[in-house]
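Residue-level structural notes
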Amino acid sequence: MASISKNTFGAGTRIEGQRAWNSTAPLKNRAPLAQNAFYALPLGSIRPAGWLRDQLLVQAHGLAGHLDETWPDVGPNSGWLGGTGESWERGPYYLDGLVPLAYLLEDTRLKAKAQKFLDWTLENTASDGMIGPKSNNDWWPRMVMAKVLTQYQEASGDPRVVPVLSRYFAYQSETMPSRPLRDWGKYRWHDEALAVIWLYNRTGDAKLLHLFRLLQQQGFDWQAEFADFKYTQRTTPEAIGLTPNSPLTDRAMQTHGVNVAMAIKMSPVRWLLSQDPTDRSAIFHMLQELDRYHGLPNGIFSADEHLAGRNPSQGTELCTVVEAMFSLEQSLAITGEASLGDRLEKIAFNALPGAFTDDMWAHQYNQQPNQITVSLQKEPWTTDGPESNLYGLDPNFGCCTANFGQGWPKFTASLFMLSNDDGLAATAYAPCEVHTIIRNTPVHVQQQTEYPFRETVRLIIHPASPLAFPLLLRIPSWAENTSIQVNGRPVDGNPRPGTFARIERTWSKGDQVEVLFPMTTRASRGYHNSVSLERGPLVFSYSIGEDWLKLRTRGMTADWQVYPTSEWNYALAINPENISGSVATVEGNVTSSPFRKDGAPVRLQVKARQVPSWVGEDNVANPVPESPVKSTEPEQQITLVPYAAAKLRITAFPELG
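If you're wondering where the values come from, they're calculated on a predicted model, not measured in any experiment. (Residues numbered from 1 in each chain as written. Predicted model: local features only at pLDDT ≥ 70, side-chain atom pairs only at ≥ 80, totals over all residues. Heavy atoms only, no water.)

Once that is clear, we can look at helix α8 (residues 189–203). Between its first and last C-alpha, α8 extends 21 Å over 15 residues, near the 21 Å set by a 1.5 Å rise per residue. In terms of residue burial, α8 counts as a mostly covered element, since 13 of its 15 residues are buried. In the stretch just after α8, Gly204 is the one whose phi turns positive, near 70 degrees. (Helix = DSSP H or I, 4+ residues; strand = E, 2+ residues; numbered from the N terminus. Expected span 1.5 Å × (residues − 1). Buried < 20%, exposed > 50% of the residue type's maximum accessible area, 1.4 Å probe, protein only.)

The next subject is unusual backbone geometry. The residue after Asp304, namely Glu305, is reached through a cis peptide bond having omega 20 degrees. Looking at where Glu305 falls in the secondary structure, it is placed in the loop between α14 (277–294) and β5 (316–317). With an omega of 5 degrees, the peptide bond between Glu379 and Pro380 qualifies as cis. With respect to the element layout, Pro380 can be found in the loop between β6 (366–367) and α17 (399–403). At His528, a position not held by glycine, the phi torsion is positive, near 55 degrees. Mapped onto the secondary structure, His528 falls in the loop between β17 (521–525) and β18 (531–535).

With that settled, the discussion passes to the confidence of the model for the chain. Averaged over all residues, the pLDDT of the chain is 95; the fraction at 70 or higher stands at 97%. Here residues 1–18 scores under 50 on pLDDT; set against residues more than four positions off or in separate chains, the count is 48 contacts. (pLDDT = per-residue confidence, 0-100. Contact = heavy atoms within 4.5 Å.)

Turning next to helix α1 (residues 50–61). A rise of 1.5 Å per residue sets the reference length of α1, with its twelve residues, at 16 Å; its end C-alpha atoms lie 17 Å apart and thus fit the reference within 8%. For α1, the set of buried residues is Trp51, Leu52, Gln55, Leu56, Leu57, Gln59, Ala60 and His61. Packed against the buried residues of α1 are β4 (46–48), α2 (63–70), α3 (90–105), α4 (108–123), α16 (338–351) and α18 (407–412).

Strand order in the open sheet made by the seven strands is β4-β9-β10-β11-β16-β13-β14, with antiparallel pairing throughout. The sheet is open, and its two borders are formed by β4 and β14 (489–490), each paired with just one other strand. In this structure, strand β9 (residues 432–438) lies alongside strand β10 (residues 441–449), joined through seven bridges in antiparallel fashion. Bridge assignment links Val434 to a residue of β10, and that residue is Val445. (Pairing = 2+ DSSP bridges.)

Moving on, we come to the pattern of salt bridges. This structure, assessed with the given rule, holds 42 salt bridges. In this structure, Lys147 engages Asp96 in a salt bridge whose closest nitrogen and oxygen atoms are separated by 3.4 Å. With a gap of 51 residues between them, Lys147 in helix α5 (residues 139–156) and Asp96 in helix α3 connect regions that are remote in the sequence. With relative accessibility at 0%, the residue Asp96 sits in the buried group. One salt bridge connects Arg292 with Glu289, and the closest N-O pair in it is separated by 2.9 Å. Taken together, the residues span about one helical turn, with Arg292 and Glu289 both in helix α14 at a distance of three residues. Taking the relative accessible area as the measure of exposure, Glu289 reaches 6% and is therefore buried. Each member of the salt-bridge network shares a partner with another, and the members are Asp96, Lys147, Asp191, Lys265 and Lys410. (Salt bridge = Lys/Arg side-chain N within 4 Å of Asp/Glu carboxyl O.)

Phe169, Trp408, Phe411, Phe416, Leu473 and Val513 are the most contacted members of the largest nonpolar core, which has 202 residues in total. For this core, the element with the highest residue contribution is helix α15 (residues 318–335), accounting for eleven residues. (Core = buried A, V, L, I, M, F, W, Y, C linked by side-chain atoms within 4.5 Å.)

What follows covers the packing of α15 against α16. Here α15 crosses α16 at 155 degrees, and the two axes come no closer than 9 Å. Comparing the axis directions of α15 and α16 gives the class roughly antiparallel. Between α15 and α16 lies a crossing whose hand is left-handed. Each of Val321, Ala324, Met325, Leu328, Glu329, Ser331, Leu332 and Thr335 in α15 lies in contact with α16, whose residues at this interface are Leu340, Gly341, Arg343, Leu344, Ile347, Ala348 and Ala351. Each residue belonging to the contact of α15 with α16 can be placed in one class, and the counts come to ten nonpolar, three polar and two charged. (Axes fitted to C-alpha atoms, helices over the stretch in contact; angles between N-to-C directions. Parallel < 35°, antiparallel > 145°, perpendicular 65-115°, else oblique. Left-handed = near helix turned anticlockwise from the far one by under 90°. Nonpolar A, V, L, I, M, F, W, Y, C, P; charged D, E, K, R; others polar.)

In structure tokens form, the structure reads like this:
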């Protein structure tokens, strides 16, 4: 494996020991835009620590850190390097994860890979302001590149970015009336709106608000779709008019999982300009409808490739996972709603790592909560092909190969945010360090924790001088009886689950805040009244025995099939009135690889019986039987591990009557 390079320091940063920190304060929204509840800190302000840093290092050592060396689509002939190769979305997708990964790790090797693409884009603009390869003029891939450039500018201070984006957006504003949004750009317009807002906050150019309105007018109104949501069943090709070698119909676009994941943030983004309360709150109705008709136990909705119902044998595309995370990060910043942080953590700690091999050299296009085989199979996908759940280089379609890299880095960059009243908000929890500016004073915060595998989070706060500011701590909705101490003394009041606890005080160097989130095992209900067990933000699965078979070598990596070597058709014997009393929790050490099956830091032991009538067909588990079920098979004690640790798994179980 490649080694992580030594640190170097980028422009616009300051040196802290041997590391470069971007400690600049975020810019708040200019009028007439509404104010966010929270503002994301500039890239480089937050750095991963502990197990989270280890995950980013695995990603850097793995496929994401070497993709250009083994996959031609982002190799030297890429259209985004001036070549004749792939010139659409894959170069920008690749950079959307590579740039934050490189700057979070301060990795010179990864920075150099990204810089080639960035320099070509910034130095090869057309005379009219257009950016990107000349072989296509599609607005969509440039929406992604605009996001990339905003991250890069914050981390590096490159003075070229603002003028290039200003000219490009001016060109687009002039051109869109005669060349309106279409296809993917029409359904993903809100992603560009974020970059437009970013630039407006820096330049104050009112013409950018005109572009915002154009994007909204020409873009699809997802809020209206979910106000009268019609796609309540598993999608079929016939229902959406899908035919081979034909463009996707509007119905196909509206049920496309990645489009839907990106659309989660549309209404909050639109609210920034409209300031209509309906826009601000519409996200919750959208999420409710997705849960009701397509929700899966791993925190995400089904989409393989299109919305697929609640059967846990259906899958979800990895692009859908990382784009849903980004939408939730942005929506949490805008609205300040704690429940969005709960959902973000559930996806990040389960569905995200659940789609990778442990070394991150291979990934799945589709993952299934009830996944009994990974193989070449036609079923159960709504519209995808037989390679869909292989672990490999580019199974089924290469978009996820280019796009999956944004998941962990952007989650890391969203762990803390600045509140609108100049406080610091802990929006999600994982080990990290923060350097930022609060009320013109440098502040350094260490978050020491083994969360989500343990209950305790410790914050050590180091302002450069004593400083009064509010500290906001997200209290997950499952965290009843949370306790908070400051310097060993309990904080008055009982933190309410599903809200942000607020601590107002003057902070001094070395102040410590300790939060205890009691993690009890609980059951959630799903398809056919099935049961899934959760503890904190982790979902647990029965790990089926695995036999890995290499299908073919793919350059520096390979495509893999995985076949079961043990039974899997269990029903759980639990007491619905006392879940914790029905399940034993076994804790081990939190290692550098907490999502490996052999290193799982927490396991659940539960009584179960096999259900012989529950079988698989065509390498797919039949729908989970309706609970409660009966079984005369011998009672056994089975062990469940965190969802991502089980590559073959059962996550939604029938319950014994």
